[in-house]
Amino acid sequence: MTDDALPELTPLDPAFITTNRIATAIGLLPFVFGAGVLEFAKLLPPGTFLVPMLLVYAFVAFTVPARKYRHWGYDMGMGRLRVVRGYMFYRDTFVPFGRIQHIDVDQGPIDRRYGLAKLTVHTAGNHNSTVTLPGLAHADALAMREAIRAAIRQELL
(Lines give C-alpha, C1' and ligand atoms only; values in the text may rest on other atoms or scores of the structure.)
Protein backbone atom coordinates (compact mmCIF):
# COMPACT_ATOMS: atom_id res chain seq x y z
CA MET A 1 0.00 0.00 0.00
CA THR A 2 1.41 3.39 -0.99
CA ASP A 3 1.13 6.53 1.07
CA ASP A 4 -1.60 7.85 -1.25
CA ALA A 5 -3.69 4.66 -1.17
CA LEU A 6 -6.83 4.69 0.91
CA PRO A 7 -7.32 1.95 3.51
CA GLU A 8 -9.58 -1.03 2.85
CA LEU A 9 -13.23 -0.40 3.71
CA THR A 10 -15.02 -2.29 6.46
CA PRO A 11 -18.25 -3.90 5.21
CA LEU A 12 -21.57 -3.56 7.01
CA ASP A 13 -22.93 -6.37 9.17
CA PRO A 14 -24.32 -9.18 6.94
CA ALA A 15 -27.65 -9.01 8.83
CA PHE A 16 -28.15 -5.71 6.96
CA ILE A 17 -29.23 -7.77 3.94
CA THR A 18 -31.99 -9.47 5.93
CA THR A 19 -33.25 -6.30 7.59
CA ASN A 20 -33.23 -4.46 4.28
CA ARG A 21 -35.14 -7.30 2.60
CA ILE A 22 -37.80 -7.17 5.30
CA ALA A 23 -38.11 -3.37 5.12
CA THR A 24 -38.27 -3.45 1.31
CA ALA A 25 -40.88 -6.23 1.30
CA ILE A 26 -43.04 -4.29 3.76
CA GLY A 27 -42.64 -1.09 1.73
CA LEU A 28 -43.77 -2.82 -1.48
CA LEU A 29 -46.87 -4.44 0.05
CA PRO A 30 -49.21 -1.56 -0.91
CA PHE A 31 -48.27 -2.07 -4.58
CA VAL A 32 -48.98 -5.80 -4.35
CA PHE A 33 -52.29 -5.01 -2.65
CA GLY A 34 -53.13 -2.50 -5.41
CA ALA A 35 -52.36 -5.10 -8.09
CA GLY A 36 -54.63 -7.54 -6.23
CA VAL A 37 -57.46 -5.00 -6.20
CA LEU A 38 -57.04 -4.43 -9.95
CA GLU A 39 -57.07 -8.21 -10.51
CA PHE A 40 -60.24 -8.49 -8.43
CA ALA A 41 -61.87 -5.75 -10.55
CA LYS A 42 -61.34 -7.98 -13.62
CA LEU A 43 -60.51 -5.09 -15.92
CA LEU A 44 -58.10 -7.21 -17.99
CA PRO A 45 -57.40 -10.96 -18.32
CA PRO A 46 -56.39 -12.77 -15.09
CA GLY A 47 -52.75 -12.31 -14.11
CA THR A 48 -52.26 -9.07 -16.02
CA PHE A 49 -51.59 -6.99 -12.90
CA LEU A 50 -50.68 -9.44 -10.15
CA VAL A 51 -48.15 -11.67 -11.93
CA PRO A 52 -45.85 -8.83 -13.11
CA MET A 53 -46.17 -7.13 -9.73
CA LEU A 54 -45.20 -10.32 -7.88
CA LEU A 55 -42.18 -10.74 -10.18
CA VAL A 56 -41.07 -7.16 -9.52
CA TYR A 57 -41.75 -7.65 -5.80
CA ALA A 58 -39.56 -10.78 -5.68
CA PHE A 59 -36.76 -9.16 -7.69
CA VAL A 60 -36.66 -5.94 -5.68
CA ALA A 61 -37.10 -7.56 -2.26
CA PHE A 62 -34.49 -10.26 -2.75
CA THR A 63 -31.79 -8.91 -5.07
CA VAL A 64 -31.61 -5.17 -4.42
CA PRO A 65 -30.74 -5.43 -0.68
CA ALA A 66 -27.81 -7.76 -1.40
CA ARG A 67 -26.50 -5.38 -4.05
CA LYS A 68 -26.91 -2.46 -1.68
CA TYR A 69 -24.91 -4.34 0.98
CA ARG A 70 -22.02 -5.00 -1.43
CA HIS A 71 -21.70 -1.31 -2.25
CA TRP A 72 -21.58 0.14 1.27
CA GLY A 73 -18.45 0.41 3.39
CA TYR A 74 -16.75 2.59 5.94
CA ASP A 75 -13.39 3.34 7.51
CA MET A 76 -12.76 5.16 10.75
CA GLY A 77 -9.34 6.44 11.68
CA MET A 78 -6.84 9.29 11.54
CA GLY A 79 -9.33 11.82 12.88
CA ARG A 80 -12.06 11.14 10.34
CA LEU A 81 -14.90 8.85 9.32
CA ARG A 82 -15.13 7.74 5.69
CA VAL A 83 -18.45 6.39 4.36
CA VAL A 84 -18.63 4.96 0.83
CA ARG A 85 -21.83 3.88 -0.89
CA GLY A 86 -23.31 3.35 -4.29
CA TYR A 87 -22.31 1.79 -7.55
CA MET A 88 -23.93 3.76 -10.32
CA PHE A 89 -24.22 6.89 -8.18
CA TYR A 90 -21.05 6.58 -6.09
CA ARG A 91 -20.63 8.72 -2.97
CA ASP A 92 -17.42 8.83 -0.94
CA THR A 93 -17.80 11.03 2.14
CA PHE A 94 -15.08 12.05 4.58
CA VAL A 95 -16.19 13.52 7.91
CA PRO A 96 -13.42 15.13 9.99
CA PHE A 97 -14.02 14.57 13.69
CA GLY A 98 -13.46 18.28 14.32
CA ARG A 99 -16.60 19.15 12.32
CA ILE A 100 -18.91 16.78 14.21
CA GLN A 101 -21.61 18.46 16.29
CA HIS A 102 -23.37 15.37 17.66
CA ILE A 103 -23.80 11.65 17.02
CA ASP A 104 -26.95 9.51 17.10
CA VAL A 105 -27.27 5.74 17.33
CA ASP A 106 -30.75 4.67 16.17
CA GLN A 107 -32.56 1.35 16.06
CA GLY A 108 -35.91 0.58 14.48
CA PRO A 109 -37.91 -2.52 15.44
CA ILE A 110 -36.46 -4.61 12.60
CA ASP A 111 -32.90 -3.50 13.38
CA ARG A 112 -33.41 -4.21 17.07
CA ARG A 113 -34.60 -7.74 16.29
CA TYR A 114 -31.37 -8.43 14.36
CA GLY A 115 -29.03 -6.49 16.68
CA LEU A 116 -28.26 -3.71 14.21
CA ALA A 117 -28.12 0.06 14.55
CA LYS A 118 -27.68 3.16 12.41
CA LEU A 119 -24.95 5.68 13.23
CA THR A 120 -25.84 9.24 12.24
CA VAL A 121 -23.18 11.94 12.41
CA HIS A 122 -24.31 15.58 12.33
CA THR A 123 -21.67 18.09 11.26
CA ALA A 124 -21.28 21.83 11.09
CA GLY A 125 -22.33 23.30 7.77
CA ASN A 126 -25.23 23.02 5.39
CA HIS A 127 -24.22 20.74 2.52
CA ASN A 128 -24.17 17.05 3.53
CA SER A 129 -24.37 18.04 7.18
CA THR A 130 -25.78 14.61 8.10
CA VAL A 131 -23.94 11.38 7.30
CA THR A 132 -25.72 8.10 8.00
CA LEU A 133 -24.14 4.67 8.29
CA PRO A 134 -26.77 1.92 8.58
CA GLY A 135 -26.24 -1.80 9.08
CA LEU A 136 -23.77 -1.70 11.96
CA ALA A 137 -23.87 -4.19 14.80
CA HIS A 138 -25.34 -2.29 17.76
CA ALA A 139 -22.20 -2.79 19.88
CA ASP A 140 -20.01 -1.56 17.01
CA ALA A 141 -22.16 1.57 16.54
CA LEU A 142 -21.90 2.36 20.25
CA ALA A 143 -18.13 1.75 20.20
CA MET A 144 -17.73 4.01 17.16
CA ARG A 145 -19.75 6.74 18.85
CA GLU A 146 -17.58 6.55 21.95
CA ALA A 147 -14.34 6.49 19.91
CA ILE A 148 -15.43 9.58 17.99
CA ARG A 149 -16.43 11.34 21.22
CA ALA A 150 -13.06 10.49 22.79
CA ALA A 151 -11.20 11.79 19.73
CA ILE A 152 -13.19 15.03 19.80
CA ARG A 153 -12.48 15.44 23.53
CA GLN A 154 -8.78 14.84 22.86
CA GLU A 155 -8.76 17.54 20.14
CA LEU A 156 -10.36 20.04 22.53
CA LEU A 157 -7.69 19.54 25.19
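Numbers given for residues are sequential positions, taken from 1 along each chain in its written order. It should be noted that, the model being predicted, local features are given only for residues of pLDDT at least 70 and side-chain atom pairs only at 80 or more, the latter also being counted only at that level, while totals for whole chains, interfaces and linings use all residues. Only heavy atoms go into the side-chain values, all of them from the structure, while hydrogens and water stay out.

### Some thoughts on the side chain of Thr 93
Within the secondary structure, Thr 93 sits in strand 3 (residues 91-96). Every residue in contact with Thr 93, bar those within four places of it in the chain, is listed here: Leu 81, Arg 82, Val 83 and Val 131. A helix here means a DSSP run of H or I that spans at least four residues, while a strand means a run of E at least two residues long, and both kinds are numbered starting from the N terminus. Here, residues are in contact when the closest pair of their heavy atoms is within 4.5 Å.

### Remarks on helix 4 (residues 138-156)
Working rule for helices: expected span equals 1.5 Å times residues minus one. Taking 1.5 Å of rise per residue, the 19 residues of helix 4 would be expected to cover 27 Å, and the 27 Å separating its terminal C-alpha atoms lies within 8% of that figure. Each residue is placed in one exposure class: buried if its accessible area under a 1.4 Å probe, protein chains only, is under 20% of its type's maximum, exposed if it is over 50%, and partly exposed if it falls in between. Residues of helix 4 that are buried: Ala 141, Met 144 and Ile 148. All buried residues of helix 4 fall inside an arc of 60 degrees around its axis, so they share one side. Within helix 4, the exposed residues directed more than 90 degrees away from the buried face are Ala 139 and Gln 154. Structurally, helix 4 contributes buried residues whose contacts are with strand 1 (72-77), strand 2 (80-85), strand 4 (100-106), strand 5 (116-123) and strand 6 (130-137). What the arc measures is the spread of directions leading from the helix axis to the C-beta atoms.

### Observations concerning the nonpolar core
In these notes, a set of buried Ala, Val, Leu, Ile, Met, Phe, Trp, Tyr and Cys residues joined through side-chain atoms within 4.5 Å is what counts as a nonpolar core. Counting 25 residues, the largest nonpolar core has Leu 12, Leu 81, Leu 119, Leu 133 and Leu 136 as its most contacted members. Here this core gets four residues from one element, more than from any other, and that element is strand 5. Filtering out sequence-adjacent residues up to four positions away, Leu 119 remains in contact with Leu 81, Ile 103, Asp 104, Val 105, Val 131, Thr 132, Leu 133, Leu 136, Ala 141, Met 144 and Arg 145. One finds Ala 25, Val 32, Ala 35 and Met 53 within the second-largest nonpolar core, a separate group that totals seven residues.

### Things to note about the sheet that holds strand 1
At least two DSSP bridges between two strands are required for those strands to pair. The strand order 1-2-3 describes an open sheet built from three strands, whose pairing is antiparallel. The sheet terminates laterally at strand 1 and strand 3, the two strands that pair on one side only. Going from strand to strand, the sheet's axes swing by 10 degrees on average, the running direction of each strand aside. Pairing between strand 1 and strand 2: six bridges, direction antiparallel. Bridge pairing in strand 2 places Asp 75 opposite Arg 82. Only the contacting stretch of a helix is used when fitting its axis, a line to C-alpha atoms as for every element, and angles between N-to-C directions run 0 to 180 degrees.

### As for the environment of Gly 98
Tracing the chain through its elements places Gly 98 in the loop between strand 3 and strand 4. According to the relative accessible area criterion, Gly 98 is exposed, its value standing at 56%. When the C-alpha positions of Gly 98 and Ile 148 are compared, they lie 9.6 Å apart, and in sequence the two are 50 residues distant.

### A closer look at the packing of helix 1 (residues 15-41) against helix 2 (residues 50-70)
It is the contact of helix 1 with helix 2, at a shortest axis distance of 9 Å, that shows an interaxial angle of 165 degrees. The orientation of helix 1 with respect to helix 2, classified from their angle, is roughly antiparallel. Seen along the crossing, helix 1 lies across helix 2 with a hand that is right-handed. Here the residues of the contact of helix 1 with helix 2 sort into 18 nonpolar, three polar and three charged. If an angle is under 35 degrees, it is roughly parallel; if it is over 145, roughly antiparallel; if it lies from 65 to 115, roughly perpendicular; otherwise it is oblique. By definition, turning the near helix anticlockwise from the far helix through less than a right angle yields a left-handed crossing, and turning it clockwise yields a right-handed one. Three residue categories are used. Nonpolar comprises Ala, Val, Leu, Ile, Met, Phe, Trp, Tyr, Cys and Pro, charged comprises Asp, Glu, Lys and Arg, and polar comprises the others, including Gly.

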